[in-house]
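# Breakdown of the fold
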Protein chains: 2
Amino acid sequence: MTPPANPLAEDRRDFNRLAQRVAGIAEQHLRTLPDGVVDRVMPETLRREVLDTPLPAQGMGADQIINFLRDKILPWPLPTGHARSYGWINSPPAPIGILAETLATTMNTTSDGYDHGGIFLLGCLSRWLRELFEFPLDNSMTLLLSGGSACNLNALTVARHKAATQAGYDIRRDGLQAIDRRMLVYSSQEAHSSIQKCVETLGLGAGSIRAIPTDDQFRARADMLADMIEQDLRAGHLPCAVVALAGSTNTGAIDPLDEFANICEQRDIWLHVDGAYGAPGILDPRYHGQLRPLARADTVTFNPHKWLMTPVDCGALLVKNKSIHREAFSLVPAYLEAGGTDDAPWPYHYSFQLTYADRSLKTWATLARLGRDGLTELVVRFDKLADLLGERLEQSDCFELLAPVSLSVVCFRYRPRDYSGTEDELDELQSALSAQITRDGEAHMPTSEINGKRCLRACFMHYENTEQDIDHLLTLLETYGDAMSS
Amino acid sequence: MTPPANPLAEDRRDFNRLAQRVAGIAEQHLRTLPDGVVDRVMPETLRREVLDTPLPAQGMGADQIINFLRDKILPWPLPTGHARSYGWINSPPAPIGILAETLATTMNTTSDGYDHGGIFLLGCLSRWLRELFEFPLDNSMTLLLSGGSACNLNALTVARHKAATQAGYDIRRDGLQAIDRRMLVYSSQEAHSSIQKCVETLGLGAGSIRAIPTDDQFRARADMLADMIEQDLRAGHLPCAVVALAGSTNTGAIDPLDEFANICEQRDIWLHVDGAYGAPGILDPRYHGQLRPLARADTVTFNPHKWLMTPVDCGALLVKNKSIHREAFSLVPAYLEAGGTDDAPWPYHYSFQLTYADRSLKTWATLARLGRDGLTELVVRFDKLADLLGERLEQSDCFELLAPVSLSVVCFRYRPRDYSGTEDELDELQSALSAQITRDGEAHMPTSEINGKRCLRACFMHYENTEQDIDHLLTLLETYGDAMSS
């Protein structure tokens, strides 16, 4: 058996040249992105060509593959890399995050465990994140998972475990079918759809979600929560978690976390905060008071691929008590060594997954590059931009805000001066405006819905966003709006 | 508000220089890896230094961050990148996969949906994988998730949904607590721990797993499976899935898939095949017959980050009937458009996750680079190397095989000539041998256990593995073994 002429071995020897090429292609993409169309629609013929590409019998050349990706895939990203993408709450990738990810992929390490470099970097990053969010450091930890859904699933798995255990059930062995008290999850009626999907995955059923009504600022009402729990307890049910929102997806609303924490502490119910988007708002002095009680939660979801500019994907879960987490997941009994140390635990014991990507390098690098001051500057700037947009919309006589501005989210609609049409027509106008903006390539701003009214929704999330973007956006909206309604 | 001197904006302008640097660092890592120690233990002082690095107030420089990762993290990967890492079944990263991942991170797209380039590339790759595994193409699909655990969880979620629905329950709404027939999962007693973790996450409880006894070749016994199911049905229980192994983690054993498929088809029970490691064995004519029935499964887990050389992480799930999958997960009713097309469906509707990484570029690039022939060559070569090692161990008078060689896995132990010690001492000798090999940096081969006997376990999984590795390994084992037992 002679050493085979393996294409991968060839590439390893030719790696320097290939990597230099790819570096240049990535650079060009990032350099030219701001000048291009914001939301790029892949042409139908190209879709067909990509879909129909046959699996080659003999491998393609490395350069040919790089060219294929450069010409046919890279030009058609999501709009979220562009500074004038105001719709979806994913940040653009920090350039240093892209580069750190290249090194992570080269290392090819996993996040299950073992004493490799990534595990210790994760240990460092884990502390940084808990410090940033003023989360207690003792016996706590941070998990890096794929995003909000994965973090919420992990948190609710442990909440379910704790509630069942306290009620005397061995849920890991016997499952939910052996539990006769109905397990319930409480969350704002504004909660992200991932909560429902997680609750369904856990076998609790969507019907086990108690939707907490919100006040006129879209915050879940603590008084209602307390009543609902009391009523359910009297009926013999078993509350297993309360999910509070720290920056709802739709309006950026922050639930009354301190009151929620009081309710949960009094009744020993798990408090999970879904701050996938909004938790970093704690760095803005204006929101610090509302978000300081994150420290009282049992678990907090927060996505570095949102406000922290980490390349997709990266969700983080702050875990208050890692002993309970281990009890809920690990197959190694608590009295046996599970590998790792107190400040660099092996994540395998704290989730259902074994091998998964090491996200510590890209996340650590992005945070290190910004530092506490740089991250704070971003958060404060985005919040200010949202306020400014809100003020200018209110000053105008052809817009109305549909929700209070919260964090970096603004929900509003265009309403022509002296409007006399129907609400349905007004809804249609928002959709038409949104579509026109996308079509012309000037920005990307999908519609949303507030109290049954269709709205435009802007969320600032790009490190190059400035006041000029607001000028540009308002001019755009007024010009198209006037043209459409005249 | 003047445009801020943002460090991320600076890096975007300086990206070419930074990326060229990182390319050089990655190249050096890959070039020098084969000459270094296989399993590198990060020194205690460096661990401490990394863990204690403070979160900087002002951001670090981009070059400083790159240097930090280069000097303190990159030198300490897992052993799996090295050709003489025989223990853990993760492949080394294909160089073209590393480069494609850099482009994917630059694009920053997600795998939830929308008509971006990655979704159509995934559509193409999805077909390639189904073709490779001879899986039916009509109404089927492929999901790319983080690994075996995530794929198994996804598959079992749908299996649970289908069984409950057929039995007349609305599990998405009412959950498991409304189902009075005990739901059961059948799997080989050799199944990977992820099956238990998934079953627990789903709320079924580990006690709902029926462990199927294995034969003397470590294959789950179909006759026993049929009996167990019949008995459970008579008791009124509700079987929800059978998990068959296509290449068990420990011995590479392949369960009798055709017989399993017969049993499941007759009773309309979901057949999930966990082929995380072994499914690509179908490309080796010697294993084609055993693995051809993959096509009869409802779902098949197979990890591109194992035999397909894709950088961590990437697990793939082949899905037979995507309509049932959508029914189990989607929040958009079946009669409404859910985005995507038949050959490029939006993955969001087929899993519990929303935003997660786009793994299509790195996986597509690796497969394109190898082509069908290149991938087949790897599979056949690894299987041959395992056979060869097995033969030479049997010819020697100081080794014994503890399981039949299957696919690229060999389980054996060193047993000194005319050995007269105890079994316990023999166990200890294997551990000592494994530790000595690691310590000297010559290879990495952790121990495992077969029928209560500790063994050494070699799995070939590196694109540069050749017969020379076998010579090297045998010399190593004999030298250390003789020294230790004399």
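Provided above is the structure to which this section pertains.
Notes on the structure follow. (Residues numbered from 1 in each chain as written. Chains lettered and ligands numbered in written order. Predicted model: local features only at pLDDT ≥ 70, side-chain atom pairs only at ≥ 80, totals over all residues. Heavy atoms only, no water.)

## Looking at the overall build of chain A
Heads up, the rule is: Put simply, DSSP marks the helices as runs of H or I at least four residues long and the strands as runs of E at least two long, and each gets a number from the N terminus on. The reference for a compact globule is 2.2 Å times residues^0.38; the radius of gyration itself is calculated from the C-alpha atoms. Here, residues are in contact when the closest pair of their heavy atoms is within 4.5 Å.
When helices and strands are counted, chain A shows 16 helices and 13 strands. For a compact globule of 486 residues, the expected C-alpha radius of gyration is about 23 Å, and chain A comes in at 24 Å, within 12% of that figure. By its C-alpha atoms, chain A is 80 × 65 × 45 Å across when sized along the principal axes. The contacts in chain A between residues at least 6 apart in sequence include a share of 72% that link residues at least 24 apart.

## Regarding the interface of chain A and chain B
Interface extent is often summarised as the accessible area lost during association of the parts. The test is simple: Throughout, buried area stands for the accessible area (probe radius 1.4 Å) lost by two parts on being put together, summed over both. One speaks of a salt bridge when a side-chain nitrogen belonging to Lys or Arg is within 4 Å of a carboxyl oxygen belonging to Asp or Glu. Polar contacts here mean pairs of N or O atoms no more than 3.5 Å apart (in protein, one a potential hydrogen donor and the other a potential acceptor; neighbouring residues in sequence count only if both atoms are side-chain atoms). Gly counts as polar in this scheme, as do all residues outside two lists: the nonpolar Ala, Val, Leu, Ile, Met, Phe, Trp, Tyr, Cys and Pro, and the charged Asp, Glu, Lys and Arg.
Contacts between chain A and chain B engage 159 residues on the former and 159 residues on the latter. For the chain A and chain B pair, buried surface summed over both sides reaches about 13,700 Å², with 64% attributable to carbon and sulfur atoms. Considering only the surface of chain A that becomes buried against chain B, R12(A), Q177(A) and R369(A) emerge as the three largest contributors, covering 6% of it. In this structure, the connection of chain A to chain B is made through 12 salt bridges. Note that R48(A) and D343(B) form a salt bridge whose closest N and O atoms lie 2.7 Å from each other. Here chain A and chain B share 72 residue pairs in polar contact (both at pLDDT 80 or more) between them. When residues in the side of chain A that touches chain B are grouped by element, the largest group, 16 residues, is from helix α14 (residues 360-395) of chain A. Each residue belonging to the side of chain A that touches chain B can be placed in one class, and the counts come to 82 nonpolar, 45 polar and 32 charged.

## Here's the deal with the environment of A244(A)
All names here are of chain A. Tracing the backbone shows A244 in strand β4 (residues 238-245). C-alpha separation for the pair A244 and D274, spaced 30 residues apart in sequence, amounts to 6.1 Å. Those residues within four positions of A244 in sequence are excluded, and the remaining contacts are D255, L257, F260, L271, H272, V273 and D274.

## Remarks on the sheet that holds strand β5 (residues 270-274) of chain A
Residue and element names in this part refer to chain A. Just so we agree on the cut-off: We call two strands paired when DSSP finds no fewer than two bridges between them. To get an axis, a line is fitted to the C-alpha atoms, and for a helix only the part in contact is used. The angle between two axes follows their N-to-C directions and goes from 0 to 180 degrees.
Read across the sheet, seven strands follow the order β1-β7-β6-β5-β4-β2-β3 without closing on themselves; strand pairing throughout is mixed. Since the sheet does not close on itself, it has two edges, and those belong to β1 (141-145) and β3 (209-212), each with one partner. Each strand axis lies, on average, 20° off the axis of its neighbour in the sheet, ignoring direction. Here strand β2 (residues 183-188) runs beside β3; their pairing, made up of four bridges, is parallel. Across the sheet, residue S187 finds its bridge partner in β3, namely A211.

## Let's talk about the nonpolar core
How we decide: Throughout, nonpolar core names a set of buried Ala, Val, Leu, Ile, Met, Phe, Trp, Tyr and Cys residues whose side chains join them through atoms within 4.5 Å. Each residue gets one of three labels from its accessible area relative to the maximum for its type: buried under 20%, exposed over 50%, partly exposed in between, using a 1.4 Å probe on protein chains only.
In terms of nonpolar packing, the biggest core is built from 132 residues, with L129(A), L294(A), W364(A) and L69(B) touching the most fellow members. Looking at this core element by element, the count peaks at 15 residues for α14(A). For L294(A), the contacting residues outside a window of four places in its chain are F133(A), F135(A), A246(A), L257(A), V273(A), A279(A), I282(A) and V300(A). Core analysis: the second largest hydrophobic core is formed by 131 residues, L8(A), I212(B), L378(B) and C455(B) among them.

## Quick word on the relation of the copies chain A and chain B
For clarity, the threshold we go by: The least-squares superposition of copies is restricted to C-alpha atoms, and to residues with a pLDDT of at least 70 in both copies.
Superposing chain A onto chain B takes a rotation of 180° combined with a translation of 0.0 Å along the rotation axis, leaving an RMSD of 0.0 Å. In the structure described here, the two chain copies are related by an operation that fits a two-fold rotation axis. Most of the interface of chain A is mirrored in chain B, where 100% of its interface residues are also at the interface.

## Digging into the pairing of strand β7 (residues 315-319) of chain A
All names here are of chain A. Most of β7 is tucked away, with five of its five residues classed as buried. Burial along β7 is two-sided: G315, L317 and V319 and A316 and L318, pointing in opposite directions, are all buried. Pairing geometry for β1 and β7, over five bridges, is antiparallel. Of the residues in β7, the one forming a bridge with L144 is A316.

## Overview of empty space enclosed by the protein
To find leftover empty space, a probe the size of one water molecule is rolled over the atoms. How we decide: Here a cavity is any set of points on a 1 Å grid over the protein atoms alone where a 1.4 Å probe fits but cannot get out, and a pocket is any open set with protein on both sides within 12 Å along at least 5 of 7 lines; a residue lines the site when it has an atom within 4 Å of a point. Grid points are joined across faces, edges and corners, and a volume is the space filled by probe spheres set on the points.
Inspection of every chain in the model, using the stated rule, returns 10 cavities of 30 Å³ or more. Space inside the largest cavity adds up to approximately 250 Å³. Contributing to the lining of the largest cavity are 25 residues, with F352(A), Q353(A), A150(B), F352(B) and Q353(B) lying nearest its centre. For the lining of the largest cavity, the elements supplying multiple residues, two or more each, are α7 (148-166) of chain A together with α7 (148-166) of chain B. Counted by class, the lining of the largest cavity contains 11 nonpolar, 11 polar and three charged residues.

## Things to note about the side chain of T214(B)
Residues and elements named next belong to chain B. Here T214 is to be found in the loop between β3 (209-212) and α10 (222-234). Look at T214 and you get buried, because its relative accessible area is 16%. Of the polar contacts made by the side chain of T214, one reaches the side chain of Q189; its length is 3.1 Å. Excluding anything up to four places from it in sequence, T214 contacts S188, Q189, E190, R219, A220 and R221.

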